[in-house]
Amino acid sequence: MYFCRLYKAVFILYLVCFGCYLLFTRQPDYLDGEKAPAVIHWIYDSTAKRTIPMAQYNTGLKNYAIDARYVFREWKEGERTEVIYETGSPAKAAVYRFWGYWITWGELIGSVVLILALFQVAVAVTKNPTPEAVMDQLEVKEEKKRRYKE
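First, a word on scope: everything that follows refers to the structure included in this document.

Rules used throughout
Residues numbered from 1 in each chain as written. Predicted model: local features only at pLDDT ≥ 70, side-chain atom pairs only at ≥ 80, totals over all residues. Heavy atoms only, no water. Salt bridge = Lys/Arg side-chain N within 4 Å of Asp/Glu carboxyl O. Helix = DSSP H or I, 4+ residues; strand = E, 2+ residues; numbered from the N terminus. Pairing = 2+ DSSP bridges. Axes fitted to C-alpha atoms, helices over the stretch in contact; angles between N-to-C directions. Buried < 20%, exposed > 50% of the residue type's maximum accessible area, 1.4 Å probe, protein only. Lys, Arg positive; Asp, Glu negative; His and termini not counted. Polar contact = N/O pair within 3.5 Å; in protein donor to acceptor, adjacent residues only side chain to side chain. Contact = heavy atoms within 4.5 Å.

**Overview of the pattern of salt bridges**
Counted according to the given criterion, the structure contains three salt bridges. Of the charged contacts in the structure, one is a salt bridge between Arg26 and Glu107, with a shortest N-O distance of 2.6 Å. Placement of Arg26 in the loop between α1 (2–25) and β1 (34–45) and of Glu107 in helix α3 (residues 105–127) is noted, with a sequence separation of 81 residues between them. For Glu79, the salt bridge is made with Arg97, and the minimal N-O distance between the two is 3.8 Å. One end of the pair, Glu79, is in the loop between β3 (63–67) and β4 (80–86); the other, Arg97, is in the loop between β5 (89–95) and α2 (98–102), and 18 residues separate them in sequence.

Below, the structure is given as structure tokens:
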């Protein structure tokens, strides 16, 4: 029963820490960024030597286009989406989608590996306590605490 509560606490702590990490590390910044509507157009890229999906958007002053490719993301010609950019450098934008902006492959795999490794370390440290440590734990008696201080 104790381990079940421990697992829940560790999992909740992991979700809170990972959520805070995601909120404050997005580039362009979510809190300061501006959003703009965009349209997907397949454009020939001379460096990749093939056509790739580009999200074209307008900031009010100039038109921009950014690469919209990402793993497991499929685009159709003319599909509408949204981009997020910083006002100081509108050419550095990102497609504003959950998969690719908020959650990326590297961060997801890295965080899962990290939580599993830290969990294994915690289990290894607490698995086989020394007999002295067990005796110390058994000898500790909690004092009765008074409800009100005198």
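So that's the structure; there's more coming.
**Side note on the sheet that holds β4**
Read across the sheet, five strands follow the order β3-β2-β1-β4-β5 without closing on themselves; strand pairing throughout is antiparallel. At either end of the open sheet lies a strand with only one pairing partner, and these are β3 and β5. Recorded for the sheet is a direction-independent mean angle of 45 degrees between the axes of neighbouring strands. The sheet contact formed by β1 and strand β2 (residues 50–58) spans eight bridges and is antiparallel. Residue His41 lies in a different strand from β2, and its bridge partner there is Met54.

**Observations concerning the pairing of β4**
Bridging between β1 and β4 involves six bridges; their strand directions are antiparallel. Considered in β4, the bridge of Pro37 is made with Glu82. One ladder, built from four bridges, connects β4 with β5; its direction is antiparallel. When the bridges of β5 are listed, Val83 appears paired with Val95.

**Focus on the side chain of Arg73**
With respect to the element layout, Arg73 can be found in the loop between β3 and β4. Despite being buried, Arg73 has no salt bridge partner; Asp67 is the closest side chain of opposite charge, sitting 7.9 Å away. Polar side-chain contacts of Arg73 include one of 3.5 Å to the backbone oxygen of Ala68. If we ignore the near neighbours within four places in the chain, the residues touching Arg73 are Ala68, Val95, Arg97, Trp99, Gly100 and Tyr101.

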